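# Tertiary structure, described
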Amino acid sequence: MKLCMIGTGYVGLVSGTCFADLGNNVICVDKDKKKIKHLSNANIPIYEPGLSELVLKNYKNKKLTFSTNLKKSVKDSDIIFICVGTPTKKKGSSADLSQIYNVSKEISSSINKFKIIITKSTVPVTTGDQIEKILSKKNSKKKFSVVSNPEFLREGEAIRDFTYPDRIVIGSNDKKSNNILKNLYGPLISKGAQYVHTTRRAAELIKYASNSFLATKITFINEIANLCEKTGINVEDISIGMGLDKRIGGRFLRAGPAYGGSCFPKDTKAIISTADKFKVNLSVIKSVIKSNKNRSNLLLDRVYEILNKKIKNKKIAFLGVTFKANTDDMRDSSSLSMIPTLSKKGAKIKYFDPTGLKDEFKKIKNVSYENSIRKSVEGSDLVIIHTEWNDFKSINFKNLIKNKKCIIYDMRNIYSANKIKTQGFKYYSVGR
Ligand code: UGA
């Protein structure tokens, strides 16, 4: 099939490349000329394991092409995926849909034959209705179908999530587009993915409800971890004991720092804003946002406690600063609040991240990037393991740190207390 992905950000580029790998002809469109030039030279703007190889393979065999010409690309395609950003509005907490509507207007003047227009971007309930209105101004309703097909890709695992999804959600109000899309996703359905056909509005809401629920699960276990710390219980026992109940499930029950990234913080706010419009109070999600906001303060309080409230001139090393492993994404990472706060209190911070130096910390006093684990932890009073990169999973601290008074605070529960204690260091973790 001929597909057009509008927006070559995370969602558009990964989905477009994977669709091309399934044998479709895919044009990835972006108005950013520089980006398209880079992509045409197989320079991938994001860090995602396996993506460059897959882009290169499909670009070489001409299944994947890149363009800045939206109108021509739409005309040449049967199915159009809108994959532009829906960030939180500068004022308020609702999703900024300006890019969605601008793109819809452009598509509107390029509908030369029947087209399926799909929102893959995360969009609030009723956005599809608005897109339909925009398209109907210039086109007969017989010429197009507006569908919601949310993505459930995790950064760092996106190719696997696309290839082996738990479910494919198609929200369409007509049979024709549903049949075409079932066919498009055929290769994934035959490998075991569940195909869920709903109304368009339901599909839009499934996405927000899923992300909000996962954020709730994490926040829940994080609060239970607080109780575990006070009662001498290992939170991992709780996660296992709860998770084995099939009604609960064991995933997303890892306690740690505040959840971050480009999705959970933004989507939990946006769903509340949508519910407010319909005069519905989503009090659970409101509490989740509040609890997660407070999480970095709680973990910082623990840092103060560990260092006996003497932060000034303390040498602190951060291992990992991104919001999770296998991504270079810093959006809403808890390190963004922790590092500046510790710096304000007079700590001297060195950090190492496998994805390199971060602009976010360039202007912060007494914060410097080191290009190796060894250099960052050398001479430290406290080492904070902030992100669960594999690079940090078998560090021999004994070899790297001469100062035996150095303390390790493992915010991702990578190590066992015994293992670190036998190396001669004091060790703290989360909920244990
Ligand atoms: C999330 C969802 O998992 C995807 O299904 C969804 O498609 C995506 O948002 C999106 O809406 O585009 P992502 O933000 O890439 O994916 O990352 P996650 O793996 O979900 O992690 C989010 C945050 O939760 C991270 O800060 C991570 O460290 C934290 N987390 C996750 C925990 O603290 N504990 C866990 O058990 C799992």
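Residues numbered from 1 in each chain as written. Predicted model: local features only at pLDDT ≥ 70, side-chain atom pairs only at ≥ 80, totals over all residues. Heavy atoms only, no water.

Another aspect to go through is the packing of helix 5 (residues 98-108) against helix 6 (residues 127-138). For the pair helix 5 and helix 6, the least separation of the axes is 9 Å and the interaxial angle reads 30 degrees. It follows that helix 5 is roughly parallel to helix 6 by the angle criterion. Crossing of helix 5 against helix 6: the hand is right-handed. Where helix 5 abuts helix 6, its residues Ile 100, Tyr 101, Ser 104, Lys 105, Ile 107 and Ser 108 lie against Thr 127, Gln 130, Ile 131, Ile 134, Leu 135 and Lys 138. Classifying every residue of the contact of helix 5 with helix 6 by side-chain character gives six nonpolar, four polar and two charged. (Axes fitted to C-alpha atoms, helices over the stretch in contact; angles between N-to-C directions. Helix = DSSP H or I, 4+ residues; strand = E, 2+ residues; numbered from the N terminus. Parallel < 35°, antiparallel > 145°, perpendicular 65-115°, else oblique. Left-handed = near helix turned anticlockwise from the far one by under 90°. Contact = heavy atoms within 4.5 Å. Nonpolar A, V, L, I, M, F, W, Y, C, P; charged D, E, K, R; others polar.)

Attention now moves to the state of the cysteines. Within this structure, the stated rule accounts for zero disulfides. The thiol sulfur of Cys 4 is not disulfide-bonded, and the nearest other cysteine sulfur, from Cys 28, lies at 8.2 Å. (Disulfide = S-S within 2.5 Å.)

This part takes up the domain arrangement of the chain. The domain boundaries assigned to the chain delineate domain 1 (2-198), domain 2 (208-293) and domain 3 (294-429). Averaged C-alpha coordinates put domain 1 and domain 2 at centres separated by 29 Å. Counting residues at the interface gives 15 residues for domain 1 and twelve residues for domain 2. Interface area for domain 1 against domain 2, summed over the two sides, is near 1000 Å², with a carbon-plus-sulfur share of 52%. Where domain 1 touches domain 2, the interface holds zero salt bridges. Linking domain 1 to domain 2 there are four residue pairs in polar contact (both at pLDDT 80 or more). For the side of domain 1 that touches domain 2, a count of residues per class yields five nonpolar, six polar and four charged. (Domains from an automatic or database assignment. Buried area = accessible area lost by both parts, 1.4 Å probe. Salt bridge = Lys/Arg side-chain N within 4 Å of Asp/Glu carboxyl O. Polar contact = N/O pair within 3.5 Å; in protein donor to acceptor, adjacent residues only side chain to side chain.)

In this section: the site of the ligand. Lining the immediate environment of the ligand, one finds 19 residues, of which Glu 151, Glu 155, Lys 207, Asn 211 and Cys 263 sit closest. Contact between the ligand and Leu 253: an oxygen atom at 3.4 Å from a main-chain N or O atom of the residue. If the ligand stood free it would expose 710 Å²; the protein chains cover 95% of that surface. Considering every element that reaches the shell around the ligand, the biggest residue donor is helix 10 (residues 200-231), with three residues. Residues that form the shell around the ligand fall into these classes: nine nonpolar, two polar and eight charged. (Near = heavy atom within 4 Å. Areas by Shrake-Rupley, 256 points an atom, 1.4 Å probe, with all protein chains shown as cover.)

Before going further, it helps to examine a positive patch on the surface. A surface patch of like charges, here positive, comprises Lys 312, Lys 315, Lys 348 and Lys 365. Looking at the secondary structure, you find Lys 312 in the loop between helix 13 (283-306) and strand 9 (315-319). Classification of Lys 312 as exposed rests on a relative accessible area of 64%. (Patch = residues over 30% accessible without salt bridge, like charges linked within 9 Å, V, L, I, M, F, W, Y side chains within 5 Å. Lys, Arg positive; Asp, Glu negative; His and termini not counted. Charge placed at Lys NZ, Arg CZ, Asp CG, Glu CD. Buried < 20%, exposed > 50% of the residue type's maximum accessible area, 1.4 Å probe, protein only.)

Moving on, we get to the packing of aromatic side chains. Applying the stated criterion across every chain, the model contains eleven aromatic pairs. A centroid spacing of 5.9 Å and a plane angle of 75 degrees characterise the contact between Tyr 47 and Trp 389, whose relative ring orientation is edge-to-face. Within this pair, whereas Tyr 47 is found in the loop between helix 2 (33-40) and helix 3 (51-60), its partner Trp 389 is found in the loop between strand 12 (382-385) and helix 16 (397-400), the two being separated by 342 residues in sequence. Classification of Tyr 47 as partly exposed rests on a relative accessible area of 36%. Given a relative accessible area of 2%, Trp 389 falls into the buried group. By way of ring pairs, the aromatic residues Phe 19, Phe 81, Phe 162 and Tyr 185 are connected into one cluster. A cation over an aromatic ring shows up here: Arg 167 above the ring of Phe 152, its NZ or CZ 3.6 Å from the ring centre. Lying across the ring of Phe 114, Lys 176 places its NZ or CZ 3.8 Å from the centre. (Phe/Tyr/Trp six-rings, centres within 6.5 Å; stacked < 30°, edge-to-face > 60°. Lys NZ or Arg CZ within 6 Å of the ring centre and 35° of its normal.)

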